[in-house]
Amino acid sequence: RYRCVLRLLPYRLRILRIMKKSLIFGLLLSAAAVVAQPKMGDRADLEQKKEKIEAIKVAYLTEELELTVAESQAFWPVYNERQNKEHELRELQRSGFKKLIGDEPSEKEVAKMLYSFADTQIAIEELRKSYLDDFIDVIGAKKTAKLMRAEKEFGRRMMERMKGKDRPRDKGRRAGPDGGRPMR
């Protein structure tokens, strides 16, 4: 009788681990649901919501990568440094497009901006590539691969959450051509 229970123990532990991860991710997504789109011009509110999303991302990545305390202390400074540099590149990209929105740009200006956009995308990918060795040194190659997958998955889930049909302002509106979010 006890042998049977002992044989099933690894499976029960695995199921409990899966349930724990599902519960944590559910809590993270429900916390993300609290984050709504800010009013135009409300900068402090926008910053507060960005901080909440960052906190959710940190918790998600820590859980997915199963970081130890030592790994966490070495990993987060490197990760934050890369994120800050990437953010600067994306801001540079956005500012270029904002310049074109105000004026009636010529074909040459638009073409120049498109090439600038492509160059910035390449710079972002080169930045990510340059940090691979740092991440491998800190957390190892397997966890670095998990990091890449987890970042992509987090972004996908956040986008799905933001496009969610359960938002009150979308109720009663006509669906878009693909049956998803209403067109605006």
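Heads up: these notes are all about the structure in this document.

Procedures and definitions
Residues numbered from 1 in each chain as written. Predicted model: local features only at pLDDT ≥ 70, side-chain atom pairs only at ≥ 80, totals over all residues. Heavy atoms only, no water. Salt bridge = Lys/Arg side-chain N within 4 Å of Asp/Glu carboxyl O. Helix = DSSP H or I, 4+ residues; strand = E, 2+ residues; numbered from the N terminus. Buried < 20%, exposed > 50% of the residue type's maximum accessible area, 1.4 Å probe, protein only. Expected span 1.5 Å × (residues − 1). Axes fitted to C-alpha atoms, helices over the stretch in contact; angles between N-to-C directions. Parallel < 35°, antiparallel > 145°, perpendicular 65-115°, else oblique. Left-handed = near helix turned anticlockwise from the far one by under 90°. Contact = heavy atoms within 4.5 Å. Nonpolar A, V, L, I, M, F, W, Y, C, P; charged D, E, K, R; others polar.

## Focus on the pattern of salt bridges
Where charged atoms from two side chains of opposite charge approach closely, those side chains can pair.
Move 1: In this structure the tally under the stated criterion is 11 salt bridges.
Move 2: Between Glu81 and Lys85 there is a salt bridge, and its shortest N-O distance comes to 3.6 Å. Of this pair, Glu81 and Lys85 both sit in helix α3 (residues 69–102), four residues apart, roughly one helical turn.
Move 3: Residue classification places Glu81 among the partly exposed positions, given a relative accessible area of 39%.
Move 4: Arg94 serves as the salt-bridge partner of Glu91, at 2.5 Å between the closest nitrogen and oxygen. Here Arg94 and Glu91 lie together in helix α3, a separation of three residues that amounts to about one turn.
Move 5: Under the relative-accessibility criterion, Glu91 is labelled partly exposed at 33%.
Move 6: Each of the salt bridges in this network shares a partner with another, and the network as a whole consists of Arg82, Glu86, Arg90, Arg128 and Glu151.

## A closer look at helix α4 (residues 107–130)
Move 1: Between its first and last C-alpha atoms α4 spans 35 Å; for 24 residues at 1.5 Å apiece the expected length is 34 Å, and the two agree.
Move 2: Of all the residues in α4, the buried ones are Met113, Thr120, Ile124 and Leu127.

## Considering unusual backbone geometry
Leave glycine aside and you will find that most residues have negative phi; peptide bonds, for their part, are mostly trans.
Move 1: In the Ramachandran plot, Glu66 falls in the positive-phi region, its phi being about 50° despite a non-glycine side chain.
Move 2: By secondary structure assignment, the location of Glu66 is in the loop between α2 (43–65) and α3.
Move 3: For Glu66, a relative accessible area of 41% translates into the label partly exposed.

## Looking at the packing of α2 against helix α6 (residues 141–162)
Move 1: In contact at an axis separation of 10 Å, α2 and α6 are set at 140° when each is read in the N-to-C sense. Classified by the interaxial angle, the pair formed by α2 and α6 is oblique. Seen along the crossing, α2 lies across α6 with a hand that is right-handed. Contact residues: α2 offers Ile53, Ile56, Lys57, Tyr60, Leu61, Glu64 and Leu65, while α6 offers Lys143, Lys146, Leu147, Ala150, Glu151, Glu153, Phe154 and Met158.
Move 2: Classifying every residue of the contact of α2 with α6 gives nine nonpolar, no polar and six charged.

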